[in-house]
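What follows is the residue order along each chain.
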Amino acid sequence: MKPFKHYDVNTIDEAVSVLQDFAGKAKIIAGGTDIVGMFKDEVFAERPEALINIKTIPNLDYIKEENGMLKIGPLALLEDIAHDELIKSKYTALAEAARRTASPHIREMGTISGNICQQCRCWYFRSPNNRFNCIRKGGEDCYAEEGENRYHSIFGNVKDCLAVNPSDTAPALIALGAKVKTSKRVLDLADFYEKEEPKKTTVLDDDEIVVEIQVPQPAANSKSKFEKFAIRKSIDFPIVNCASQVELDGDTVKSARVCLNAVFANPYVAQKAAEYVVGKTLDEETVAAAADLALQDAKPLAKNAYKITIAKSLIKKTLLACK
Ligand SMILES: Cc1cc2nc3c(=O)[nH]c(=O)nc-3n(C[C@H](O)[C@H](O)[C@H](O)COP(=O)(O)OP(=O)(O)OC[C@H]3O[C@@H](n4cnc5c(N)ncnc54)[C@H](O)[C@@H]3O)c2cc1C
């Protein structure tokens, strides 16, 4: 690994100030379970000159309900989120997503902010020693388009990059209507991901940090569910994952949110599915039609059409679990 500078900071302001000093050439490190591997493998097209360790900032690992919302500090560990009784009972999809992420060791190190900010996955992009100068690195070509694309995007493009966002907690948080508070603003998590520029994963500026995740308290008659399909049961990224939250009025759906991930460069809000189920009861026929609608715009590549079947199945399963 090439040398780089490492800063232990004590406050958010200090972290922002160091980010500003490096003007785009420094990165935040939280649990390090994603970014250390990227450093070691020399994945970056332009190698960051510094890592800014925010784990040295005290009291950023809280999980609490306050002012009608769940507030999660950026350093809350995935393992703590998975086992938190409040999250398990009221924000179920999030606990389920955290519990299905990686392995116990990684969940004991990996943080919620690192999980939602992690870089996209594509074996060309992440190939060691910066081997492929792909679109996500500022190059001209997407090597997955004609290459090994079985794990890649099945929807449109962020300017033709076919990598996928692999976060397990992001779709759960989006289904739950979460917002991200940063050092500059508050955003819906659904709007947190970059839609135009493939070199960026999120819309965060170079000197902007996630400082809190905020989840509104679910309505009394609502349920949420997360499901993940991966090749292995433990330590595996999703082939597809999905989370739904449904608010019922009797047997009828009053409102719904459905979000897929690992099917696109950003978490993919299945708006058509959610709209379709409103005013209906959640039976097999309704959820199957909703799933068909959600995947209507899919444009699979040569080797990943199978993801459509999995995505439909997960949409159906999560919606039916919210009855
Ligand atoms: C073997 C293995 C299996 C894995 N399996 C899964 C899986 O199944 N599902 C899954 O979702 N993930 C998986 N991961 C990815 C990753 O480990 C987790 O997502 C973890 O939650 C990342 O958190 P972290 O704190 O370690 O992030 P870090 O590695 O510290 O950071 C990740 C990214 O987030 C940025 N970042 C972190 N915190 C902030 C902040 N507060 N503000 C702004 N930017 C920030 C960093 O700059 C970096 O770009 C896996 C990783 C490994 C190594």
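No experiment lies behind these values; they were computed from the predicted model shown.

(A) Broad picture of the sheet that holds strand β8 (residues 210-216). Reading across the sheet, the five strands line up as β4-β5-β8-β6-β7 and stay open at both edges, with antiparallel pairing between neighbours. Here the strands that pair on one side only, and so sit at the sheet edges, are β4 (63-66) and β7 (186-188). Adjacent strand axes in the sheet meet at a mean angle of 25° when their direction is disregarded. Across four bridges, the pairing between strand β6 (residues 179-182) and β8 is antiparallel. By the bridge assignment, K179 is partnered in β8 with Q214.

(B) Local environment of the packing of helix α11 (residues 284-294) against helix α12 (residues 306-321). Relative orientation of the contacting elements α11 and α12 amounts to 140°, with a least axis distance of 9 Å. Overall, the two elements α11 and α12 adopt an arrangement that is oblique. Viewed along their axes, α11 and α12 form a crossing whose handedness is right-handed. Residues E284, V287, A288, A290, A291, D292 and A294 of α11 pack against K312, I315, K316, L319 and L320 of α12. A per-class count over the contact of α11 with α12 returns eight nonpolar, no polar and four charged.

(C) Structural context of the state of the cysteines. This model, assessed by the stated rule, comprises zero disulfides. With no disulfide partner, C134 has as its closest neighbouring cysteine sulfur the one in C122, 6.1 Å distant. The buried category is assigned to C134, whose relative accessible area is 6%. Free cysteine: C161, not disulfide-bonded; nearest cysteine sulfur from C142 at 6.0 Å. The buried category is assigned to C161, whose relative accessible area is 6%.

Conventions and cut-offs
- Residues numbered from 1 in each chain as written.
- Predicted model: local features only at pLDDT ≥ 70, side-chain atom pairs only at ≥ 80, totals over all residues.
- Heavy atoms only, no water.
- Pairing = 2+ DSSP bridges.
- Helix = DSSP H or I, 4+ residues; strand = E, 2+ residues; numbered from the N terminus.
- Axes fitted to C-alpha atoms, helices over the stretch in contact; angles between N-to-C directions.
- Parallel < 35°, antiparallel > 145°, perpendicular 65-115°, else oblique.
- Left-handed = near helix turned anticlockwise from the far one by under 90°.
- Contact = heavy atoms within 4.5 Å.
- Nonpolar A, V, L, I, M, F, W, Y, C, P; charged D, E, K, R; others polar.
- Disulfide = S-S within 2.5 Å.
- Buried < 20%, exposed > 50% of the residue type's maximum accessible area, 1.4 Å probe, protein only.

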